[in-house]
Amino acid sequence: MSEEASKQLETMSLEEKPADASAPADAAADATAAGDGEQKLSKNQLKKLAKGKGKKDKKDKPQWNQPGEGKKKKDDSKPKALTLPKPEFVNTTPKGHKKDLSSTPMADAYHPQAVEAAWQDWWEASGYYSCDPKTAEGKSDDEKFVMVIPPPNVTGSLHLGHALTAAVEDTLTRWHRMLGHSTLYVPGTDHAGIATQSVVEKMIMKESNQTRHDLGREEFIKKVWEWKGEYGNRITTQLRRLGSSVDWGRERFTMDEMCSKAVIEAFNRFHEDGLLYRTERLGNWSCALKSAISDIEVDYIDLEGRTFLEVKTHKGNPSDPKGRYEFGVLTSFAYPIEDSDEKLIVATTRLETMLGDTAVAIHPEDARYKHLHGKHVVHPFNGRKIPIVCDADLVDMTFGTGAVKITPAHDPNDYECGKRHNLEFITVLTPEGAINNNGSQFEGMMRYDARIAVEEALKEKGLYVGKEPNKMRLGLCSRSGDILEPMITPQWYVNCDGMAKRSTDAVRNGELKIVPEEHEKTWFQWLDNIRDWCVSRQLWWGHQIPAWFATKKGEEGISKLDMNNNDRWIVARDEEEAYTKAEKFLGCSRDEIVLERDEDVLDTWFSSGLFPFSVMGWPEQTDDLKAFYPTSLLETGLDILFFWVARMVMMGLQLTDKLPFHTVYLHAMVRDKDGRKMSKSLGNVIDPLEVINGCTLDTLLAKLDGGNLPPKEVARAKKDQAEDFPEGIPECGSDALRFGLLAYTVQGRDVNLDMKRVVGYRLFCNKLWNATKFALQFVSDFQPTANILDEVMSSGKMAIRDKFMISRLMACCDTVNTCFQNYKFGDAQAASYAYWMNDLCDVYLELIKPVIKDTSDENKDSRWAAQATLWIALEAGLRILHPMMPFVTEELWQRLPGRGTLGESETESIMLAKFPLFNEAYSNSESEQSMETTMNIVKACRSLRQQYNIANKVLTHFFVKVAAGKPEDSTKSQIDDIMTLGKASVVDVNVDEDSIPKSVGLIVVDETTTVLMDIKGLVDYAAEIKKLEKQLSKTAHPMEQLETKMAAPGYEENVSDDIKEKNLENLNGLKKKAADIQEAISNFKALEEFEKNN
């Protein structure tokens, strides 16, 4: 959106003023109708709110968009509540039936609940969202549009970030459908392994004080499915309310039968291709989840030095008043050297890991320690002999003491060192994060309690040296927030090297397009340095790994944890196949075999990565897979570029040998107005339904009380909510929310969402409603035809204003289609907004008032051309808006005259109508240039009337001096239009100077045009001079104060340059204002004197 358009948006109001005088945010504040729980408004009040100044419509003179002239209302800068009317509404349309508008007159104002009711159910029941694979299969890629929804977690509900995704995706879907493409938008939800298991575990603990282990795996999984059945439809409800035109008949869940079959097949194929393997490796371990997590599920926090942090899995540090634990320090201690009084000092940020030390490393060339080569130190707590090893790769002689403790089982660098020197790998932590039986007297202590205890024990032994602040980075589990531990555990891994290269090659050679292009760099950076993917998770909820450990009955000493027995793991599609493979491997009959299935489940992103083709029935060659795969586009937030997008591309290429889509569009991240990420932990998450339906402040605050925020955070979040929404969030409806969110897509990486702007688009909906209602009075006796556009364009009856309107419609069509093609949704939104607000409402509707009112035979052709043009502008304008604002456009489109009489090509719904396309033959630059000249003159006329405070009802005489040629021809041909919009009694163009009175106001429009207004007898000079002198007096005082301040001793030396610059700017502004007022006073005095003497 341009800066000018953005400013215009911010000044649109509910009152019917010119577009350059109105603002969604301010209008929302100025609208004073009551919301939920407040006093109800009378019918008259609702009318006033809807129509701005509250003047009654006269039946023979419908009023619309009167220019704001004369005295301006006093500006009240005090913040006001965002409140809008919400009348009671009962939906009487049977579910799935079409809304009957024939017996329902248009309401006086736009009410979202009433407008949006019933349409979604009817669209869905009518099958408009579905697509026949037989029809689609034969079409080229350019004639199809297929997209899968980024499946949201089944545990939660959508927030405004999801709403932006839905708005963008459904806009594209509806646009392609209206272009006549075979269109399919597939919905689904993700089983969200960690999140769902956590929610259900908390639920059963709260209800029955049981853990999942108390229930057992089978019973627990049953509980999860029950929970999913009861609560899993919240997201689908939200998507329906947002108007998402997904094919609900194809809705998928990543744990349903179809998706589960694809997961098992993918796992087996990866294994058969030699890409999937099981091994023991150091990885990220979440003690809170008791599970491994992948590298990209790690968040990091940087500590500048000594820092105390809360650890939720611990009871609390008794030495800290808040129970927090110490991080960001480097602790030094000494190891006694075997058979010597000498000690070797080492340092660590994780003191408890010394319980698993199996070496101390020194640099081979460090002269200080040459005598220690081949010797040992003694562990102070278990007496274990620990070798001193030489390692030039790891040790920096100049850092610290030049000696490094080595814990191969709990540190990535030490892990590599351990492999180089064939060291022992001693794990000292249990899955829960407690010290295990390798931890001597510290066994059973939680890891950070042990850290404190080890320090005290070292002090007792005289081995503690000290500690100092140390910058460090902590890895946190993105799922649980727990501080991660590097742990050696047996896991399943997928080698991604080949898949990653194919994925980067696809972008480099142009087969896969990433929009915006700037994110390609991140794509390459991650995939070019990819590591093998740990796909196993130590959970119960999820896709259980299809692998069985095979032994013979009575066989002893065969442990599944021993990597030497890895060949005993049988990967199969089901247990039957596993038995068959085990029989062959073990060389015995089935009755001699014992199979034990791996208890672990697959990473949630494994099944999500298959989503574009698993939802189509892969691995079966279904009709859907043939017709709709590959899909066209993947639209999502840039935050899951690695989690999901890259994995879909890799898995699609590996398993189907095709890219799953040809374009990736990454929208910006939605943040709150202060730039903070929307997060439950910050209490700033807003449910789209709270915006659509409206929400009281009490409800918003109660949601914070029911969350998991600490009391201090709750208090802060409540304060923010009360400041932002003192009266809650007014009912905005889905259309306003979608339209408002799309406006933000013009920004860069992040969207700082100010809800007040979204509320402002609710008022645009009201403007749209009122404009259409008003315009319908102009076409009440008009009968359109199926080819009305061609008919009116070839009729020879069109005035310049009519040609201008059609030309602006063509320009809007061209811009919006181009913007949609290039994913510039903010620009498309701005163009359609400007078309309605500026071209149609502010200009054309005003121009045709006298034309429509004149029903004489002489005006018959002009009237018909104006009505036809208006009908076309309205109908096509609604179709342009429909992909972005589906509900209100359907409601208004259905109310247009001629509905149901336009022949076989007429569709039942606007969503099936053709999207307007640019037709160069109907674009008319001459009419637009002529209108530009006319509107510049009109603006000058309005400015002169405002300058001299001419009342609305008083018409004035204007004189226009304009350059010869096209400017003069345009002006003369549109004198009627200038008179209409400029409120003129007469407009004279290029008359003799002698014909122009001396008592005139004058505005120079540009170097070719000047507008003059006869003011004789229209102005009370004395009154105007008195008002101006009062203004001058008010300006003089602050100007004198500022001059005194700037002349004070020490001002130049003591005041900062920024403040001095600002003061000078303010002073110059006040001086100019005073000079302008003085000039106006002199002008009025001269005119007053002139009238007295003539």
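Residues numbered from 1 in each chain as written. Predicted model: local features only at pLDDT ≥ 70, side-chain atom pairs only at ≥ 80, totals over all residues. Heavy atoms only, no water.

## Here we look at the overall build of the protein
Just so we agree on the cut-off: A run of H or I in DSSP counts as a helix once it spans at least four residues, and a run of E counts as a strand once it spans at least two, with each numbered from the N terminus. For every residue, the accessible area (1.4 Å probe, protein chains only) is compared with the maximum for its type, and the residue is labelled buried under 20%, exposed over 50%, or partly exposed between those bounds. By the convention used here, residues are in contact when the closest approach between their heavy atoms is within 4.5 Å. Here Asp and Glu are counted as negative and Lys and Arg as positive; His is not counted, and neither are the chain ends. Charged groups are reduced to one reference atom each: NZ for lysine, CZ for arginine, CG for aspartic acid, CD for glutamic acid.
Within the protein, the regular secondary structure consists of 38 helices and 33 strands. Principal-axis analysis of the C-alpha atoms places the extent of the protein at approximately 125 × 85 × 55 Å. The buried share of the protein, taken over its 1094 residues, is 53%. Considering only intrachain contacts with a sequence separation of at least 6, the fraction spanning at least 24 residues in the protein is 76%. Charged side chains in the protein number 139 positive and 171 negative. The centres of these two groups are separated by 5 Å.

## Thoughts on helix 32 (residues 886-894)
Residues spaced three or four apart along an α-helix face the same direction, because each turn holds 3.6 residues. Counting buried residues along helix 32, nine of its nine residues qualify, which places the element largely inside the surrounding structure. Those residues of helix 32 lying buried are Pro886, Phe887, Val888, Thr889, Glu890, Glu891, Leu892, Trp893 and Gln894.

## A closer look at the nonpolar core
Convention followed: As used in this record, nonpolar core signifies buried Ala, Val, Leu, Ile, Met, Phe, Trp, Tyr and Cys residues forming a set joined through side-chain atoms within 4.5 Å.
If you look at the biggest cluster of nonpolar residues, it comprises 118 residues, and the most contacted ones within it are Leu160, Leu737, Leu753, Met755, Trp836, Leu840 and Leu870. Of the residues forming this core, the biggest block, 13 residues, is contributed by helix 26 (residues 755-778). Judged by nonpolar contacts, the second largest core, of 66 residues, contains Phe524, Leu638, Val649 and Leu666.

## Here we look at the sheet that holds strand 14 (residues 385-390)
For the record, the criterion: Here the rule is simple: two strands pair whenever DSSP picks up at least two bridges between them. All axes here are fitted lines through C-alpha atoms, helices being fitted over the stretch that makes contact, and every angle between N-to-C directions spans 0 to 180 degrees.
Spatial strand order, 13-14-12-15: four strands in an open sheet with mixed pairing. A strand with exactly one partner marks an edge of an open sheet, and here the two such strands are strand 13 (376-378) and strand 15 (403-406). If you compare each strand with its neighbour and ignore which way they point, the axes differ by 30° on average.

## Focus: the packing of aromatic side chains
Using the following cut-off: Whether two aromatic rings pair depends on their centres lying within 6.5 Å, for rings of Phe, Tyr and Trp, where Trp uses its six-membered ring; planes under 30 degrees apart make the pair stacked, over 60 edge-to-face, and the rest tilted.
Overall, the coordinates contain 35 aromatic pairs when judged by the stated rule. Where Trp225 meets Trp541, the ring centres are 5.3 Å apart and the plane angle is 80°; that geometry is what we call edge-to-face. One end of the pair, Trp225, is in helix 10 (residues 217-231); the other, Trp541, is in the loop between strand 21 (536-537) and strand 22 (547-552), and 316 residues separate them in sequence. Ring centres 4.9 Å apart and planes at 65° place the aromatic pair Phe774 and Phe778 in the edge-to-face group.

## What to know about the sheet that holds strand 20 (residues 533-534)
Strand-to-strand pairing in sheets goes through backbone hydrogen bonds, with the strands running parallel or antiparallel. Within the open sheet, the four strands sit side by side as 6-5-18-20. Their pairing is antiparallel. Of all strands in the sheet, those with a lone pairing partner are strand 6 (291-293) and strand 20, marking the two edges. Across ten bridges, the pairing between strand 5 (residues 276-286) and strand 18 (residues 485-494) is antiparallel. Across the sheet, residue Asn284 finds its bridge partner in strand 18, namely Pro486.

## Details of the packing of helix 28 (residues 800-821) against helix 29 (residues 825-847)
Filter applied, for reference: Here the angle decides the label: under 35 degrees means roughly parallel, over 145 means roughly antiparallel, 65 to 115 means roughly perpendicular, and every other value means oblique. Polar here means any residue outside two lists: the nonpolar Ala, Val, Leu, Ile, Met, Phe, Trp, Tyr, Cys and Pro, and the charged Asp, Glu, Lys and Arg; Gly therefore counts as polar.
Their axes nearest at 8 Å, the elements helix 28 and helix 29 cross at an angle of 170°. Relative to helix 29, the element helix 28 lies roughly antiparallel. On helix 29, the residues touching Arg801, Asp802, Phe804, Met805, Arg808, Leu809, Cys812, Thr815, Val816, Cys819 and Phe820 of helix 28 are Phe825, Asp827, Ala828, Ala831, Ser832, Tyr835, Asp839, Leu840, Val843, Tyr844 and Leu847. Across the contact of helix 28 with helix 29, the residue classes tally to 15 nonpolar, two polar and five charged.

## Section: helix 17 (residues 575-586)
Rules: What a helix should span is 1.5 Å times the count of its residues minus one. An arc is given here, and it is the one of the directions from the helix axis to the C-beta atoms. Whenever two N or O atoms come within 3.5 Å, that pair is a polar contact, provided that in protein one can donate a hydrogen and the other can accept it, and provided that, for residues adjacent in sequence, both atoms are side-chain atoms.
End to end, helix 17 covers 16 Å across twelve residues, agreeing with the expected 16 Å (1.5 Å per residue, within 8%). Among the residues making up helix 17, those that are buried are Ala578, Tyr579, Ala582 and Leu586. One side of helix 17 holds all its buried residues, which, seen down the axis, span an arc of 100°. Residues of helix 17 that are buried sit in contact with strand 22, strand 23 (569-571) and strand 24 (593-597). The N-terminus of helix 17 is capped by Asp574, whose side-chain oxygen sits 3.2 Å from the backbone nitrogen of Glu576.

## Remarks on the environment of Leu1070
Tracing the backbone through its elements, the reader meets Leu1070 in helix 38 (residues 1057-1093). Sequence separation between Leu1070 and Leu1042 is 28 residues, and the spatial gap between their C-alpha atoms is 9.6 Å. Ignoring any residue separated from it by four or fewer positions in sequence, one finds Leu1070 in contact with Thr1035, Pro1038, Met1039 and Leu1042.

## Details of the side chain of Thr504
As for its position among the elements, Thr504 is in helix 15 (residues 497-508). Here Lys501 takes part through its backbone oxygen, which lies 2.9 Å from a polar atom of the side chain of Thr504.

## So, a positive patch on the surface
Put simply, the rule reads: Each patch is assembled from residues with relative accessible area greater than 30% and no salt bridge, linking like charges that lie within 9 Å and nonpolar side chains (Val, Leu, Ile, Met, Phe, Trp, Tyr) that lie within 5 Å. For the accessible areas, the method is Shrake-Rupley and the probe is 1.4 Å, while residue cover comes only from the protein chains on display. The working definition used for a salt bridge is a side-chain nitrogen of Lys or Arg within 4 Å of a carboxyl oxygen of Asp or Glu.
A cluster of basic side chains, namely Lys1026, Lys1030, Lys1034 and Lys1073, defines a positive patch on the protein surface. When residues in the positive patch are grouped by element, the largest group, three residues, is from helix 36 (residues 1021-1047). Overall, the relative accessible area of 64% leaves Lys1026 in the exposed class.

## Quick look at the environment of Gly439
With respect to the secondary-structure elements, Gly439 resides in the loop between helix 13 (412-420) and helix 14 (447-460). Separated by 57 residues in sequence, Gly439 and Asn382 place their C-alpha atoms 8.4 Å apart.

## Considering the pattern of salt bridges
A complete count under the given rule lists 65 salt bridges for this structure. Connected via shared salt-bridge partners are Glu265, Arg269, Glu272, Arg573, Glu577 and Lys581.

## Observations regarding a negative patch on the surface
The grouping of Glu207, Glu218, Glu219, Glu226 and Glu230 at the surface amounts to a negative patch. By residue number, the principal contributor to the negative patch is helix 10, which donates four residues. Mapped onto the elements, Glu230 comes out in helix 10. With a relative accessible area of 54%, Glu230 lands in the exposed category.

## Brief notes about the packing of helix 25 (residues 733-743) against helix 26
The condition is simple: Should the near helix be turned anticlockwise from the far one by less than a right angle, the crossing is termed left-handed; should it be turned clockwise, right-handed.
At a minimum axis separation of 8 Å, helix 25 and helix 26 run at an interaxial angle of 125°. In terms of orientation, helix 25 lies oblique with respect to helix 26. The way helix 25 lies across helix 26 gives a crossing that is right-handed. Note on element contacts: helix 26 touches helix 25 through Arg757, Val758, Tyr761, Arg762, Phe764 and Cys765, opposite Asp735, Ala736, Leu737, Phe739, Gly740 and Ala743. When its residues are assigned to classes, the contact of helix 25 with helix 26 shows eight nonpolar, one polar and three charged.

## Side note on unusual backbone geometry
A cis geometry characterises the amide bond from Val515 onward to Pro516, with omega recorded as -5°. Considering the arrangement of structural elements, one finds Pro516 in the loop between strand 19 (513-515) and helix 16 (520-527). One non-glycine residue, Lys983, lies in positive phi territory at about 55°. Along the polypeptide, Lys983 turns up in the loop between helix 35 (975-982) and strand 31 (984-989). A positive phi angle, near 50°, is found at Asn990, a position not held by glycine. With respect to the helices and strands, Asn990 occurs in the loop between strand 31 and strand 32 (1000-1006).

## Observations regarding the side chain of Thr183
Secondary-structure assignment places Thr183 in strand 2 (residues 182-186). Within polar-contact distance, the side chain of Thr183 engages the backbone nitrogen of Arg177 at 3.4 Å. At a separation of 2.9 Å, a polar atom in the side chain of Thr183 contacts the main-chain carbonyl oxygen of His181. Every residue in contact with Thr183, bar those within four places of it in the chain, is listed here: Tyr129, Ser130, Cys131, Phe145, Thr173, His176 and Arg177.

## A closer look at the confidence of the model for the protein
The criterion, for reference: One number per residue, pLDDT, summarises how confident the predictor is, and it ranges from 0 to 100.
Per-residue confidence for the protein gives a mean pLDDT of 87; residues scoring 70 or more make up 91%. Mean pLDDT values over the elements of the protein span from 34, in helix 3 (residues 43-51), up to 98, in helix 32. Across residues 1-81 the pLDDT falls below 50, and counting only partners more than four positions away or on other chains, this stretch makes 165 contacts in the model.

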